[in-house]
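This is what each chain is made of:
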Amino acid sequence: MYDKQKFWNPVLETLPPEKIKQLQLNKFKKIFKWTYERSKFHRQLYDNAGIKPGDIQSLDDVQRVPKVEKSMMQNIQRKAPFPYGEALCVPLDEVTIFRQTSGTTGQPVYQPDTWQDWEWWMECWSYILWAQGYRPQDRVFIPFGYNIFVAFWAGHYAAEKIGCEVIPGGVLDTKARILKIQELQATAMMGTPTYILGMAETARSKMDIDPSKLTIEKITCAGECGASIPSTKKRMEDAWGAKVYDHAGATEIGAWSFECTEQPGGLHVNEALFLVEIEDVETGEIIEEHGRRGKMVITALDRMAQPCLRFDSKDVIEWAPEPCACGRTSRLIKGGVVGRADDITKVKGVLLAPSAIEEVVRSIEGLSDEYEVIVEKVGDTDKIKLRVEVMPEAEDQCPLIESELVDQLRLKTNLRYDIEICGCETLPRYEVKARRFKDLRKKE
Ligand SMILES: [Zn+2]
């Protein structure tokens, strides 16, 4: 039976690194030619840089191909062929589904996919779910508002594809979703860390249900980096009595990485389907060695309708040192996506990644899952305010909690914070993706 096999694709997931590189080069040549010949937008970009399909002879040559930024896509869309504009590589008739990016960083980008692209999305997600232990015996609950955002759509179809039984939790509210999980004894689910923690809080405080006593065994997260932040992962695992796995993907890229059941402290890049390059933010040099952070430039090697070629994703990542114990030969990125290049900011001359603050807050007992960070300029000085919520049972320990926060934050981020400890449920709650980091200096 195929459900006994360890890998979703036993050939591609165990290719020796040199073979993976050869495959990536062959695929890159093909998708570059496809795009050059069909997308007016890309052809102009490449002609301006003086590079043509025949010029790509090695993976080093790939670095000569200009990057595409989100803002470029925003500029060419809403024009003919309407609404996608000149990066569309297939006749409009062949587009079978519309999605768009969430628009948290400006005007949303429209994303057309053909039926073939959608098959590819499902395939990408099948690698993820298989690596996280999903098998045909699983009953998967999807607590997700099915709409124009790609989010867990492909996770839903991939779960069906590998043979699981899927329960679409669509328009149900949180309480109804929890009851359905209980009623049907679902074994797995998917959500953003913010929502997974919020669901557990609702179950405990409003329904008197202990989520760890439900039947959920594994949870796949996406949309935020939380599942790769050890203290946030632990909070989710404790709350649900389940294994929690991370995955990173994006509407305009695809589902490019995943954690496996070894939980190696990082995500596998699906290198047979994606080419990931890490670029030094300051020098633009491509980083091959482990332990050095940079921003990701990514190519989806098989996506056809609106290709993703050397997309400047702004995700900050670094290569991990060792191959994973699971036997997959694809490389790992350490600690998942560490942040967004836009969010990593200099405060008092020190580089600050918001995920480092989350790691500290969620590691301290007595605090709720919510917090808020506000960076502002007072006079000539940057000030960071951190608001946290104390749980009712820990209210008498506030001075202790505050001194632990100050110490840990100084250790992990090298900065001082004004700390405000608020009562429970005073900070904003978020339904899907949270915006807990507010840099007020950027608006000036
Ligand atoms: Zn692994």
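For the structure, check the block above.
On a predicted model such as this, the values are computed, not experimentally measured, just so you know. (Residues numbered from 1 in each chain as written. Predicted model: local features only at pLDDT ≥ 70, side-chain atom pairs only at ≥ 80, totals over all residues. Heavy atoms only, no water.)

A. Local environment of empty space enclosed by the protein. A full pass over the atoms with the stated rule returns two cavities of 30 Å³ or more. What the largest cavity holds in volume is close to 90 Å³. Lining the largest cavity, in full, are H42, V68, M73, V109, Q111, E252, Q306, P307, C308, L309 and F311. Tallied by class, residues from the lining of the largest cavity come to seven nonpolar, three polar and one charged. Empty space within the second largest cavity amounts to approximately 70 Å³. Around the second largest cavity sit L12, E13, I20, Y127, F258, V269, N270, E271, A272, R328 and S330, which together line it. Its residues assigned to classes, the lining of the second largest cavity shows six nonpolar, two polar and three charged. (1 Å grid on protein atoms, 1.4 Å probe; cavity = no way out; pocket = protein on both sides within 12 Å on 5 of 7 lines; lining within 4 Å. Points joined across faces, edges and corners; volume = space filled by probe spheres on them. Nonpolar A, V, L, I, M, F, W, Y, C, P; charged D, E, K, R; others polar.)

B. Structural detail: the coordination of the zinc ion. At 2.1 to 2.3 Å from the zinc ion lie its protein donor atoms, namely C260 (SG), H268 (NE2), C324 (SG) and C326 (SG). In this structure, the zinc ion is surrounded by four donor atoms whose angles at the metal cover 101 to 120°, and the resulting shape is tetrahedral. Read in sequence order, the donor residues for the zinc ion give the motif C-x7-H-x55-C-x1-C. Placement of the pair is C260 in the loop between β9 (254–258) and β10 (266–269) and C326 in the loop between β13 (311–317) and β14 (332–334), with a sequence separation of 66 residues. The class for C326 is buried, based on a relative accessible area of 2%. (Donors = N, O, S within 2.8 Å, 3.2 Å for Na, K, Ca; no water. Tetrahedral: all angles 85-135°; square planar, octahedral: opposite > 155°, others 65-115°. Helix = DSSP H or I, 4+ residues; strand = E, 2+ residues; numbered from the N terminus. Buried < 20%, exposed > 50% of the residue type's maximum accessible area, 1.4 Å probe, protein only.)

C. Up close: the environment of A325. Looking at the secondary structure, you find A325 in the loop between β13 and β14. Placed 63 residues apart in sequence, A325 and E262 show a C-alpha to C-alpha distance of 7.0 Å.

D. The pattern of salt bridges, seen in detail. Under the defined criterion, the tally for this structure stands at 41 salt bridges. E259 is paired through a salt bridge with K233; the nearest N and O atoms lie 2.9 Å apart. Placement of the pair is E259 in the loop between β9 and β10 and K233 in helix α9 (residues 230–240), with a sequence separation of 26 residues. Of the two residues, E259 and K233, neither departs from the other in class, the shared state being buried. One connected set of salt bridges, linked through shared partners, spans E372, K385, R387, E420 and K438. (Salt bridge = Lys/Arg side-chain N within 4 Å of Asp/Glu carboxyl O.)

E. Highlighting the layout of surface pockets. Taken as a whole, the second largest pocket encloses approximately 880 Å³ of empty space. What lines the second largest pocket is a set of 31 residues, and nearest its centre among them are R293, V316, V338, I344 and A353. For the lining of the second largest pocket, the element with the highest residue contribution is helix α10 (residues 354–363), accounting for three residues. Two domains each donate at least three residues to the lining of the second largest pocket, and these are domain 1 (1–340) and domain 2 (345–443). (Domains from an automatic or database assignment.)

F. Looking closely at the nonpolar core. Counting 55 residues, the largest nonpolar core has W125, W256, F274 and I298 as the members making the most contacts within it. Ranked by the residues each element gives to this core, the list is headed by helix α5 (residues 115–131), at eleven residues. Excluding residues within four positions of it along the chain, I298 makes contact with I253, W256, F274, L275, V276, C308, L309, R310 and F311. If you look at the next biggest cluster of nonpolar residues, it comprises 29 residues, including I31, L88, V109 and A305. (Core = buried A, V, L, I, M, F, W, Y, C linked by side-chain atoms within 4.5 Å. Contact = heavy atoms within 4.5 Å.)

G. How the structure looks around the sheet that holds β13. Spatially, β11-β12-β13-β15 is the arrangement adopted by the four strands of the open sheet, whose pairing is antiparallel. The two strands at the open ends of the sheet, each matched to only one other strand, are β11 (274–279) and β15 (339–340). In this sheet, β13 lies alongside strand β12 (residues 294–300) in antiparallel orientation, the contact comprising four bridges. Along β13, the bridge assignment pairs V297 with D312. (Pairing = 2+ DSSP bridges.)

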